[in-house]
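Take a look at the letters that make up each chain.
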Amino acid sequence: MIELKNLTKSFTTTTKKGFKKETNTVNAVNDVSFACRPGRIFSLLGPNGAGKTTTLRMIAGIINPSSGTAIVDGVDISNGNDEVKKRIGFLTGSTGLYERLNPDETIDFFGKIYRLPDQQLKDRKEYLFEKLGINEFRKKRMGQMSTGMKQKVSIARTLIHDPEVLIFDEPTSGLDVITADSIIDLIRESKENNKTVIFSSHIMSEVDLLCDDLAIINKGTIIYNDSFENFRKEMKATNLTQEFINRVKEA
């Protein structure tokens, strides 16, 4: 379960005008509230710069909110980010993998960070490598891999400790359709296993395939929050993309 209440993140910027400095405060995320439930897939949509990634990073404990609260799998993020990080898997479009390691070494490293027993780590790794098709390049260095290969390893890294909460921030961005399909398949499987899943995407076909609940964020503010079924019932446009564009423009 993820529950956000009035979550806000402010950034302060300083600009020079002649000999004077001007300080401005911008709310990248402003008073955001929503809930993600186990066994359902929650989609967070919004144009670039709307506040999606900032919101997800606060949920993941990567950055601290300026105000408001978020409860992640029973843990208040303000009471300790380390405890939150144990309970989540966080996948982004940026792999951030050490180029001199191979997939085997990388996943072993993260498994030990999560203090998985040796046999559990081995079994979980073999399952994910088979599921994602990593076995054929498991001894290849990251620096020699394609973007799709790296993203598959990132998925394995995200799921190795079998977390109850999964956060996917535009996970298929820039990937080929086969790699993207493997990610979509694992998101579906996570739902079937009663995990709490939240993902952001700008690809409406993915939203249509996966989404149970939907929030749209624009300029840091939630402008829609309801089930995807109700969103479809309320649609005035002929397709999801146009309906999304219309909602953002109206806001």
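Nothing here was measured: the structure is a model prediction, and the numbers come from that model.

Let's talk about the packing of aromatic side chains
- Counted by the stated rule, this structure contains four aromatic pairs.
- Centre to centre, the rings of Phe 109 and Phe 110 are 5.4 Å apart; their planes meet at 85°, and the pair counts as edge-to-face.
- Residue classification places Phe 109 among the partly exposed residues on the basis of a relative accessible area of 47%.
- Residue classification places Phe 110 among the partly exposed residues on the basis of a relative accessible area of 21%.
- An aromatic cluster is present here, built from Tyr 224, Phe 228 and Phe 231 joined pairwise through their rings.
- When the ring centre of Phe 11 is taken as origin, the NZ or CZ atom of Lys 9, which lies over that ring, is 5.5 Å away.

Digging into the pairing of strand β3 (residues 41–45)
- Of all five residues in β3, five are buried; the element is thus mostly enclosed.
- Side chains Ile 41, Ser 43 and Leu 45 project from β3 onto one buried face, and the interleaved Phe 42 and Leu 44 project onto a second face that is buried too.
- When β3 meets strand β8 (residues 196–200), the two strands line up parallel, connected through four bridges. Within the sheet, the bridge partner assigned to Phe 42 lies in β8 and is Ile 198.
- Here β3 pairs with strand β9 (residues 213–218) via four bridges, running parallel. Following the sheet pairing, Leu 45 is matched in β9 by Ile 216.

Each value, and the rule that gives it
Residues numbered from 1 in each chain as written. Predicted model: local features only at pLDDT ≥ 70, side-chain atom pairs only at ≥ 80, totals over all residues. Heavy atoms only, no water. Phe/Tyr/Trp six-rings, centres within 6.5 Å; stacked < 30°, edge-to-face > 60°. Buried < 20%, exposed > 50% of the residue type's maximum accessible area, 1.4 Å probe, protein only. Lys NZ or Arg CZ within 6 Å of the ring centre and 35° of its normal. Helix = DSSP H or I, 4+ residues; strand = E, 2+ residues; numbered from the N terminus. Pairing = 2+ DSSP bridges.

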